[in-house]
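Analysis of the macromolecular model
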Amino acid sequence: MEPESGIARGPSQFSWASLSRNLILAYQSFGVVYGDLSTSPLYVFRSTFIGKLQHHQNEDAIFGAFSLIFWTLTFIPLLKYVVIVLSADDNGEGGTFALYSMLCRHAKFGLLPNQQAADEELSAYKYGPSRQGQSSLPLRRFLEKHKKIRTALLVVVLLGTSMLIGDGVITPAISVLSAVSGLQLAESLLTTHEVLLIACVILVGLFALQHYGTHRVAFIFAPIVIIWLISIFSIGVYNIIKWNPKIVHAISPYYIVKFFSMTGVDGWISLGGVLLSITGTEAMFADIGHFSTFPIRLAFAVFVYPCLVVQYMGQAAFLSKNIPSIPNSFYQSIPDPVFWPVFIIATLASIVGSQAIITATFSIVKQCHALGCFPRVKVVHTSKHIYGQIYIPEINWILMIITIAIAIGFRDTTLIGNAYGLACMTVMFITTFLMALVLVFVQQRNIFLVAAFLLFFWLIEGVYLSSALMKVPQGGWVSLLLSFVFMVVMFVWYYGTHKKYNFDLHNKVPLRWILGLGPSLGIVRVPGVGLIYSELATGVPAIFSHFVTNLPAFHTVLVFVCVKSVPVPYVSPEERFLIGRICPRPYRMYRCIVRYGYKDIQRDNGDFENLLIQSLAEFIQMEAVEPSLSNSDSASFDGRMAVISSTRTFQTTSSLVVSEVEDFGAINTIQSSKSLTLQSLRSSYDDEHPPMRRQQVRFQLPPNPVMDPSVREELMELIQAKEAGVAYIMGHSYVKARRSSSFLKKLVIDIGYSFLRKNCRGPSVALNIPHISLIEVGMTYYV
């Protein structure tokens, strides 16, 4: 969530506003977070008793199955997630990569060497206890020392993330097919092909709704899930009273022991059905960024958990007296007078169930992309009030295509459920491991208590995971295949990005060579500002020498711009810009590092150029007051970076006087040109593109007689350069493996990474660079 503003409020006003906001978010969370988890009663008992337990369908086995479901719901969603895992949110953001980013900050487990000391001064960076626990210090040093272990940790994170994205494909398929198969049960006239066609139409409609955003979808879906939970709670109470009140005794763990003593290995294999009762739990953690922690905890503990427990208890009470009804346990446990209303709401709730994981998938993909583990995609911020609510069109349509393929290919919810259970339990198993590391290195918990936490939940989840792995031949392979594909995509992108960055790092232009060229760089310096984009946070990229040696002229003011992501959820606008100087003052060469968090949205508001000029002016004056910012006397000539606030409004800047004048776009520069060719081009351009009226910012020096003459001269040159125009300079890079590289490396770089680069959004589009001002020069990277 975005930081709260500093406006002072009265205690009652603040508490009422906070309470109402949390209640609204809790209400929305029902439609987004809990749709999947709350629809599990539709198929859990059927999935549990199908197969090996067909010979153990009796009252004791049903009591034992309910006891397993109750304690599974209590230990994993309630105890592990609501109580423990949700407390490890990263400044309001959750999910597998949120845990990993915290580890990268506190224990330096990251592999990309673009971190700077200034990043650690970010307000969102130091999250958690500031002191390092002595008990965890040797373990932390050991992990930081061995790169292979840190690489293995990244692979584990990518596996968990890939499984969660795979859930985004499997969940809609099983939810919608469950709903439509219920329709076939009610109307036997429908054929299998008609049912499948209806399912595909519903899936297309569901994914088409996503572009409206989580906020609107939540308000549409939340009433459905709330009515559904009230319905299953009421039906559960009715079945307990009517059929078998003794089911309350099955809460005792004694019935679990009795269940396994009676069923043996068959009972262990049947756990693949029991674990379906907690599918969708991971969405509570992954969707924190959409709703925050307290509303999710409130909704689950007060409403969702009691409704689910009572429903499973009532269904078990019904089955204990109606053993033959196991194949259709839920629908046959509904009293006849309310069958059709419940059937309709069950169908709608099953469709809603897929929304939770789709929303979580968007959050996860955004985090992967920001941390350099996913190709560039378009991220749309869908809410002005809730910062984490996003929509990713490319991912949405890819998920839809794969989901429809799975629905058409399998058609059987039991087979899809096997894949579903394996994916969910793998994600939970990995989350437990990462959570243990966070408890040790970030929250500084006692290492023995953390070991107890890890062993306790790994024991429970390991039993379920081993049972799910037994179902790999019966549909479980789908999860493995999907996660493998997504994992390969992420790892190939990360590997290629890492190699490309290392090439830039080891082929930086020596400052000695630039200094030898002199302030003119050996070429003509023409009026204007040149923004040279590079991924390097330090030094001058190799592509700069290509420009200098191939172009006859260069701009008066050069700014090396690096847009990078830091492992924090967000970077406040006050801390976004880092400004520094490259080479001595006469060279007019600067460095600007623009920092974003992994849930920040880079909006194209058109003010970047003005904010940059304003920040440079602030830096020039600050440097004159604080000589420590300049290292021009040292051998490096690469000055220390300073944080310059980018939130200062243009009218309140202390460095420059700002005025706004009406402008007709870039045509004004052509109109005033003396070139007959440009004037003729302008007339034809005007016919096709009528100029739009807009406000243009103009900078002027303030009347300050005590200003240092050299500072005034530099500021005047900056203003004149801005008036002359701004050019965005980027390298159009081609990445290839060296001839001496292994076959596997050539396969990854020349085919895999090149394919992803060609088919994802270009850097200029992702950075919102105006196409009319863009200059690209080709460069080949041999990595």
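This text gives an overview of the structure that appears in the document. The model shown is predicted, which means the values in this text are computed figures rather than measured ones.

Conventions and cut-offs
- Residues numbered from 1 in each chain as written.
- Predicted model: local features only at pLDDT ≥ 70, side-chain atom pairs only at ≥ 80, totals over all residues.
- Heavy atoms only, no water.
- Helix = DSSP H or I, 4+ residues; strand = E, 2+ residues; numbered from the N terminus.
- Buried < 20%, exposed > 50% of the residue type's maximum accessible area, 1.4 Å probe, protein only.
- Contact = heavy atoms within 4.5 Å.
- Areas by Shrake-Rupley, 256 points an atom, 1.4 Å probe, with all protein chains shown as cover.
- Expected span 1.5 Å × (residues − 1).
- Bend = angle between axes of the 7 residues up to and from the residue.
- Axes fitted to C-alpha atoms, helices over the stretch in contact; angles between N-to-C directions.
- Parallel < 35°, antiparallel > 145°, perpendicular 65-115°, else oblique.
- Nonpolar A, V, L, I, M, F, W, Y, C, P; charged D, E, K, R; others polar.
- Pairing = 2+ DSSP bridges.
- Salt bridge = Lys/Arg side-chain N within 4 Å of Asp/Glu carboxyl O.
- Phe/Tyr/Trp six-rings, centres within 6.5 Å; stacked < 30°, edge-to-face > 60°.

1. Let's talk about the overall build of the protein chain
Along the backbone of the protein chain there are 29 helices and eleven strands. The buried share among the 783 residues of the protein chain stands at 56%. Pairs at least 24 residues apart make up 84% of the contacts formed inside the protein chain by residues separated by at least 6 positions. As presented, the protein chain carries roughly 33000 Å² of accessible surface, and 63% of it is formed by carbon and sulfur atoms.

2. Concerning helix 28 (residues 743-759)
Relative to the 24 Å expected for 17 residues at 1.5 Å per residue, helix 28 spans 23 Å between its end C-alpha atoms, a close match to the ideal helical length. Of all the bends in helix 28, the largest measures some 25° and sits at tyrosine 753. Within helix 28, burial applies to Lys745, Val748, Ile749, Tyr753, Ser754, Leu756 and Arg757. In this structure, the buried side of helix 28 is in contact with helix 21 (472-506) and strand 10 (726-736).

3. What about the packing of helix 24 (residues 608-625) against helix 27 (residues 709-724)?
Where helix 24 meets helix 27, the axes come as close as 10 Å, and the angle between the chain directions of the two elements is 170°. It follows from the interaxial angle that helix 24 and helix 27 lie roughly antiparallel. Mapping the contact onto sequence places Glu609, Asn610, Ile613, Leu616, Ala617, Ile620, Gln621 and Ala624 in helix 24 and Val711, Glu714, Leu715, Leu718 and Lys722 in helix 27. Its residues assigned to classes, the contact of helix 24 with helix 27 comprises eight nonpolar, two polar and three charged.

4. Here's the deal with the sheet that holds strand 5 (residues 577-582)
Strand pairing within a sheet occurs via backbone hydrogen bonds; the two strands may be parallel or antiparallel. Ordered in space as 7-5-6-4-3-10-11, the seven strands form an open sheet in which the pairing is mixed. On the outer flanks of this sheet lie strand 7 (642-644) and strand 11 (774-782), each paired with one strand and no other. For this sheet, the mean angle separating the axes of adjacent strands, direction not counted, is 30°. When strand 5 meets strand 6 (residues 589-596), the two strands line up antiparallel, connected through six bridges. Pairing of isoleucine 579 across the sheet is with cysteine 592, part of strand 6.

5. Some points on the pattern of salt bridges
Taken as a whole, this structure holds nine salt bridges when the rule is applied. Linking glutamate 535 and lysine 500 is a salt bridge whose minimum nitrogen-to-oxygen distance equals 3.8 Å. Taken together, the residues span a long stretch of sequence, with glutamate 535 in the loop between strand 3 (524-533) and helix 23 (543-550) and lysine 500 in helix 21 at a distance of 35 residues. Residue classification places glutamate 535 among the partly exposed residues on the basis of a relative accessible area of 34%. Assessed through its relative accessible area of 8%, lysine 500 is described here as buried. Here glutamate 623 makes a salt bridge to arginine 581, at a shortest N to O gap of 2.5 Å. Of this pair, glutamate 623 sits in helix 24 while arginine 581 sits in strand 5, and the two are 42 residues apart along the sequence. Three or more residues are tied together by salt bridges with common partners; here these are Arg581, Arg585, Glu623 and Glu714.

6. Section: the packing of helix 4 (residues 59-84) against helix 15 (residues 293-321)
In contact at an axis separation of 9 Å, helix 4 and helix 15 are set at 175° when each is read in the N-to-C sense. The orientation of helix 4 relative to helix 15 falls into the category roughly antiparallel. In contact with Glu59, Ile62, Phe63, Phe66, Ile69, Phe70, Leu73, Thr74, Pro77, Leu78, Val82 and Val83 of helix 4, helix 15 contributes Arg297, Phe300, Tyr305, Leu308, Val309, Tyr312, Met313, Ala316, Leu319, Ser320 and Lys321.

7. So, the pairing of strand 10
Moving residue by residue along a regular strand, the side chains alternate between the two faces of the sheet. Across four bridges, strand 3 lies against strand 10 in parallel orientation. From the neighbouring strand, glycine 530 faces strand 10, where its bridge partner is alanine 727. Looking at chain direction, strand 10 and strand 11 are connected through nine bridges and run parallel. From the neighbouring strand, serine 733 faces strand 11, where its bridge partner is methionine 779.

8. Some words on unusual backbone geometry
A positive phi angle, near 60°, is found at glutamine 444, a position not held by glycine. Checked against the element boundaries, glutamine 444 lands in the loop between helix 19 (413-441) and helix 20 (447-469). Positive phi, close to 55°, is recorded for arginine 588, a residue that is not glycine. With respect to the secondary-structure elements, arginine 588 resides in the loop between strand 5 and strand 6. Given the relative accessible area of 7%, arginine 588 is considered buried.

9. Concerning the side chain of serine 29
Counting through the fold element by element, serine 29 comes out in helix 1 (residues 11-32). Ignoring anything within four residues of it in the chain, the contact list for serine 29 reads Tyr34, Phe291, Pro295 and Ala299.

10. Describing the packing of aromatic side chains
By the definition in use, this model includes 32 aromatic pairs. Taken together, a centroid distance of 5.1 Å and an interplanar angle of 80° make the contact between phenylalanine 70 and tryptophan 71 edge-to-face. Phenylalanine 70 gets classed as buried once you look at its relative accessible area, which sits at 11%. What makes tryptophan 71 partly exposed here is its relative accessible area of 23%. Ring geometry for phenylalanine 75 versus phenylalanine 456: centroids 5.3 Å apart, planes at 80°, classification edge-to-face. Taken as a pair, phenylalanine 75 in helix 4 and phenylalanine 456 in helix 20 lie far apart in primary sequence, 381 residues in all.

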